[in-house]
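One letter stands for each residue in the lines below.
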Amino acid sequence: MKTVIFIPARFASTRFPGKPLIELAGTSGVRKTLIQRSWDAARQAQGVDAVYVLTDDARIADAARGFGADVLMTSSDARNGTERCAEALTQLGTDPDIVINLQGDAPLTPPWFVEALIDRMQDPAVQVATPVLRTERDMLLNFLTDRKMGRVGGTTAVMRTDGTALYFSKEVLPYVNDRTAPPEVWHHVGVYGYRPEALRSYAGWPEGTLEKVEGLEQLRFLEHGVPVACVEVKAQGRVFWELNNPVDVSRIESVLQLEGIE
């Protein structure tokens with residue numbers, strides 16, 4: 001099956017303007033932009049035919065081309081990465097079988113997260129899929145600390161018994177009252193697999209009420225009755241976190257250095 005990865009990136013982030021072009025130091029002190037580190041992560045996945053950076057900003061496009069990325073320019077009308085992916089799909093000429101959306105703020109995404117999505121989408125009944133990661137103590141504390149400080153950080157997922165998503169939220173769900181014996185909390189990893197027809201449908205729907213309130217693009221699928229398959233992935237000793245806020249720069253740099261990533 002032909003698979004492409006799209007990496008949506010925009011300059012005008014509400015919480016962190018210019019985020020794709022901030023530089024992160026690796027283990028030897030080498031500094032690379034966030035978009036380059038996300039591109040590097042995408043290219044490690046097996047079974048992928050092409051990787052594209054999607055942006056409406058010339059500064060990001062120039063930076064991406066500078067490190068050898070293929071770039072598709074999209075309009076500034078896209079309200080989120082999924083809309084940007086739907087727009088980019090029209091530029092490919094022929095549809096791939098699977099589109100992977102690896103967001104430009106996730107340089108710590110291990111290749112097996114993407115590969116697990118590709119495997120899950122071998123089932124033709126799956127229209128949309130996304131990884132979920134069982135939170136360990138340190139990750140859960142990051143979630144709770146962000147919420148206590150009023151920061152919008154990572155996203156949690158709750159699921160039906162069949163493994164499809166019941167809901168996604170920027171809140172920590174389910175509610176964590178007892179930190180000594182916390183409930184099972186699932187970290188939603190911001191990577192998506194789509195069928196082309198699911199992307200086209202998404203682009204034709206209005207922005208959903210819950211999507212708008214939570215600021216979570218995937219809720220539009222749920223609001224329109226499209227099941228989102230949640231694929232459990234394992235950290236395998238790696239630390240996963242997205243760069244959502246300025247405080248996450250040091251968090252991610254510490255992981256890059258701990259894991260020996262240049």
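Every value quoted in this text rests on a predicted model; they were computed, and no experiment measured them.

Engineer: I'd like a rundown of the overall build of the protein, residues and numbers included.
Structural biologist: Helices and strands together make up the secondary structure of the protein, namely 9 helices and 12 strands. For the protein, the C-alpha radius of gyration of 17 Å lies close to 18 Å, the compact-globule estimate for 262 residues. Dimensions along the principal axes, computed over C-alpha positions, put the protein at roughly 55 × 45 × 30 Å. Burial status across the protein gives 54% buried among its 262 residues. In the protein, of all internal contacts separated by at least 6 residues, the share reaching a separation of at least 24 is 69%. The protein carries 28 positive and 35 negative side-chain charges, and their two centres are separated by 4 Å.

Engineer: Break down the packing of aromatic side chains for me, citing the residues and quoting the values.
Structural biologist: In total, this model carries 8 aromatic pairs according to the counting rule given. Here Trp 39 and Phe 67 contribute two aromatic rings whose centre-to-centre distance is 6.1 Å and whose plane-to-plane angle is 55 degrees, an arrangement assigned as tilted. Placement of Trp 39 in helix α1 (residues 34-43) and of Phe 67 in the loop between α2 (58-66) and β5 (70-73) is noted, with a sequence separation of 28 residues between them. There is no split in this pair, since Trp 39 and Phe 67 are both buried. By the ring-pair criterion, three or more aromatic residues cluster together here, those being Tyr 192, Tyr 194, Tyr 202, Trp 205 and Phe 221. In this arrangement the basic side chain of Arg 59 is found over the ring face of Phe 11, its NZ or CZ atom lying 3.6 Å from the centre.

Engineer: So what about the environment of Pro 110? Which residues, and what values?
Structural biologist: For Pro 110, the position within the fold is in the loop between β6 (98-102) and α4 (111-120). Through-space distance from the C-alpha of Pro 110 to that of Leu 222 is 26 Å; in sequence the pair is 112 residues apart. Each residue touching Pro 110, except ones within four places of it in the same chain, is listed here: Arg 238 and Phe 240.

Engineer: Requested: an account of the nonpolar core, with residues and values cited.
Structural biologist: With 51 residues, the main nonpolar core has Ile 5, Leu 24, Val 53, Ile 100, Val 114 and Leu 243 as its most contacted residues. The leading source of residues in this core is α4, at 5 residues. Non-local contacts of Val 114, meaning those with residues more than four positions away in its chain, are made with Ile 5, Ala 45, Ile 100, Leu 102, Thr 109 and Val 191.

Engineer: Would you mind going over α2 in detail, with residue names and values included?
Structural biologist: When α2 is considered as a whole, its buried residues turn out to be Ile 60, Ala 61 and Ala 64. What you see down the axis of α2 is that its buried residues fit within an arc of 100 degrees, all on one side. Residues of α2 that are exposed and angled more than 90 degrees away from the buried face: Asp 62 and Gly 66. Against β4 (50-55) and β5 lie the buried residues of α2. Once α2 finishes, Gly 68 follows within two positions and takes phi at roughly 95 degrees, a positive value.

Engineer: Break down the environment of Ser 250 for me, with residues and values.
Structural biologist: By the element assignment, Ser 250 lies in helix α9 (residues 248-258). On a C-alpha basis, the gap between Ser 250 and Gln 218 in space is 28 Å, while along the polypeptide they are 32 residues apart.

Engineer: Explain the pattern of salt bridges to me, using residue names and the numbers behind them.
Structural biologist: Applying the stated criterion across every chain, the model contains 16 salt bridges. A salt bridge links Arg 220 to Glu 83; the shortest N-O distance between them is 2.8 Å. On the criterion of sequence distance, the pair formed by Arg 220 in helix α8 (residues 219-223) and Glu 83 in helix α3 (residues 81-89) is long-range, its members being 137 residues apart. Like Arg 220, the residue Glu 83 is buried in the burial classification.

Engineer: So what's going on with the pairing of strand β12 (residues 228-233)? Which residues, and what values?
Structural biologist: Counting buried positions over the 6 residues of β12 gives 5, a clear majority of the element. Examined bridge by bridge, strand β7 (residues 128-134) and β12 share 6 bridges and lie parallel to one another. Note that in β12 the partner of Val 132 across the bridge is Glu 232.

What counts, and where the lines are drawn
- Residues numbered from 1 in each chain as written.
- Predicted model: local features only at pLDDT ≥ 70, side-chain atom pairs only at ≥ 80, totals over all residues.
- Heavy atoms only, no water.
- Helix = DSSP H or I, 4+ residues; strand = E, 2+ residues; numbered from the N terminus.
- Rg over C-alpha atoms; globule rule 2.2 N^0.38 Å.
- Buried < 20%, exposed > 50% of the residue type's maximum accessible area, 1.4 Å probe, protein only.
- Contact = heavy atoms within 4.5 Å.
- Lys, Arg positive; Asp, Glu negative; His and termini not counted.
- Charge placed at Lys NZ, Arg CZ, Asp CG, Glu CD.
- Phe/Tyr/Trp six-rings, centres within 6.5 Å; stacked < 30°, edge-to-face > 60°.
- Lys NZ or Arg CZ within 6 Å of the ring centre and 35° of its normal.
- Core = buried A, V, L, I, M, F, W, Y, C linked by side-chain atoms within 4.5 Å.
- Arc of directions from axis to C-beta.
- Salt bridge = Lys/Arg side-chain N within 4 Å of Asp/Glu carboxyl O.
- Pairing = 2+ DSSP bridges.

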